[in-house]
Amino acid sequence: MKRATYNPRVSPSSSSVEAPFFERVAELPWLGLGISTEYEAGKAGLNPLALHGAHPELVQFLEVGADLERGVDADARAWAAAGLPTTYHFLDVNLEEGEDLDRAWSAATVASARALNAAWLCGDAGLWHIGVRDLGHGVLMPPVLEPESAAEMARNVRRLRNWSGMEVLPENPPAHVYLGSMHLADYFASVAKQADCGLLLDAAHMAAYQVVAGHDPLEALDRFPVERIVEMHVAGGRFFEHEGERFVEDDHGVAVLDETWAIVEELIPRAVNLRALVFECERNKAEQVLPTFKRLKAMLPR
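Residues numbered from 1 in each chain as written. Predicted model: local features only at pLDDT ≥ 70, side-chain atom pairs only at ≥ 80, totals over all residues. Heavy atoms only, no water.

Asks: Please set out the nonpolar core residue by residue, giving values where relevant.
Replies: Residues Leu121, Leu201, Phe224, Ile229, Met232 and Phe293 are the most contacted members of the largest nonpolar core, which totals 73 residues. Looking at this core, the element that brings in the most residues is helix α6 (residues 184–195), giving 7 residues. Aside from chain neighbours lying at most four places away, what touches Phe293 is Leu33, Gly34, Ile35, Leu51, Leu58, Val59, Phe279 and Cys281. (Core = buried A, V, L, I, M, F, W, Y, C linked by side-chain atoms within 4.5 Å. Buried < 20%, exposed > 50% of the residue type's maximum accessible area, 1.4 Å probe, protein only. Helix = DSSP H or I, 4+ residues; strand = E, 2+ residues; numbered from the N terminus. Contact = heavy atoms within 4.5 Å.)

Below you can see the structure in the form of structure tokens.
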């Protein structure tokens, strides 16, 4: 397959947002292996640009986690100013709630993404706040795993894609408790089909869900539309217990759980449209994260 390349001088175009997904994905750039960041994470952890300078073969793009309250920090601006590839991971857009997905907030989000020349929009698909939207109301809750919710999310993914002219990749979010009758994999398979969109599969979040639900790490992934995975996340986590129940804390440390690796190793060879693989490790030290970057680099298709 011929891969589109990232061109920092060309902004995302709205000309093809209504084309079928398998036509649109062919136009998305190959970003390779990247690192995530959130506002001022570098003060206590990694400097993305410095890590790229030392290991350009391992750290090839930056996923910028941002919200409108805090904006984009100096590390992300420096990365973009260097003309290096980015994606924009929103931390304040409710994809499960159509009433909340207003044009003004969406327009400001898209403007922030375009200022970084982001290749696409992505983010945990659920509720980033509850009640009246305002700055400072940040919270993340997973979607209710029911068909009605999946249909609503699909409508909102389409709306944001049409408004922005950019690809929108919903991500399976982290949680300790999930409500609803659907398996998480089936829920996002339904969203992707109805929205005709790509997906951001967070392997660490999926592993945590499987643990909480009492499933094998690969449960239901044979039904998951792997060909729609455009981006994948890997992150460290830790087990903890509460009132006799076992949970996973999505701590973005360097200790990646075996359950997460099982999902990554199963899906990457089948993810024919994968464009980006992110190691979420922004608050650690460089020497601690390099072994995992090297392991992930070896797993990417050549």
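And the narrative resumes.
Asks: Could you give me a rundown of the packing of helix α8 (residues 258–267) against helix α9 (residues 286–299), with the residues and numbers involved?
Replies: Helix-helix packing is characterised by the crossing angle of the two axes and by the distance between the axes. Two elements in contact, α8 and α9, have axes separated by 11 Å at closest approach and are oriented at 25 degrees. Classified by the angle their axes make, α8 and α9 are roughly parallel. Considering only the axes of α8 and α9, their crossing is right-handed. Residues Trp261, Val264 and Glu265 of α8 form the contact with α9, whose participating residues are Thr292, Arg295, Leu296 and Met299. Classifying every residue of the contact of α8 with α9 gives 4 nonpolar, 1 polar and 2 charged. (Axes fitted to C-alpha atoms, helices over the stretch in contact; angles between N-to-C directions. Parallel < 35°, antiparallel > 145°, perpendicular 65-115°, else oblique. Left-handed = near helix turned anticlockwise from the far one by under 90°. Nonpolar A, V, L, I, M, F, W, Y, C, P; charged D, E, K, R; others polar.)

Asks: Tell me what's going on with the packing of aromatic side chains, and back it up with residues and numbers.
Replies: How two aromatic rings sit relative to each other is given by the distance of their centres and the angle of their planes. Taken as a whole, this structure holds 4 aromatic pairs when the rule is applied. Ring centres 5.3 Å apart and planes at 80 degrees place the aromatic pair Phe279 and Phe293 in the edge-to-face group. Linking Phe279 in strand β10 (residues 276–280) with Phe293 in helix α9, this pair joins segments that are 14 residues apart in sequence. No difference in accessibility class separates Phe279 from Phe293, as the two residues are buried. (Phe/Tyr/Trp six-rings, centres within 6.5 Å; stacked < 30°, edge-to-face > 60°.)

Asks: Break down the environment of Tyr187 for me, citing the residues and quoting the values.
Replies: Its place among the elements puts Tyr187 in helix α6. Owing to a relative accessible area of 0%, Tyr187 belongs among the buried residues under this scheme. In the structure, Tyr187 is positioned 41 residues away from Glu146 in sequence and 7.3 Å away in space, judged by C-alpha atoms. The contact partners of Tyr187, leaving out residues within four places of it in the chain, are Glu96, Pro143, Val144, Leu145, Glu146, Ser149, Ala150, Met153 and Met182.

Asks: Account for unusual backbone geometry, with residues named and values stated.
Replies: Although it is not a glycine, Asn117 sits at a positive phi angle of roughly 55 degrees. By the element assignment, Asn117 lies in the loop between α4 (103–115) and β4 (121–124). Its identity is not glycine, yet His252 carries a phi of approximately 55 degrees, on the positive side. Note that His252 resides in the loop between β9 (245–249) and α8. Judged by its relative accessible area of 14%, His252 is buried.

Asks: Could you give an account of the pairing of strand β1 (residues 32–37), naming the residues involved and the relevant values?
Replies: Among the 6 residues of β1, 6 are classified as buried, and the element is accordingly described as predominantly covered. Note: β1 against β10, 4 bridges, orientation parallel. Note on β10: the bridge partner recorded for Ile35 is Phe279. The pairing of β1 with strand β2 (residues 61–66) spans 4 bridges and is parallel. The residue bridging Thr37 from the neighbouring strand is Val64, located in β2. With helix α2 (residues 48–54) bridging β1 and the parallel β2, this β-α-β connection has right-handed handedness. (Pairing = 2+ DSSP bridges. Right-handed = clockwise from strand over helix to strand, strands pointing away.)

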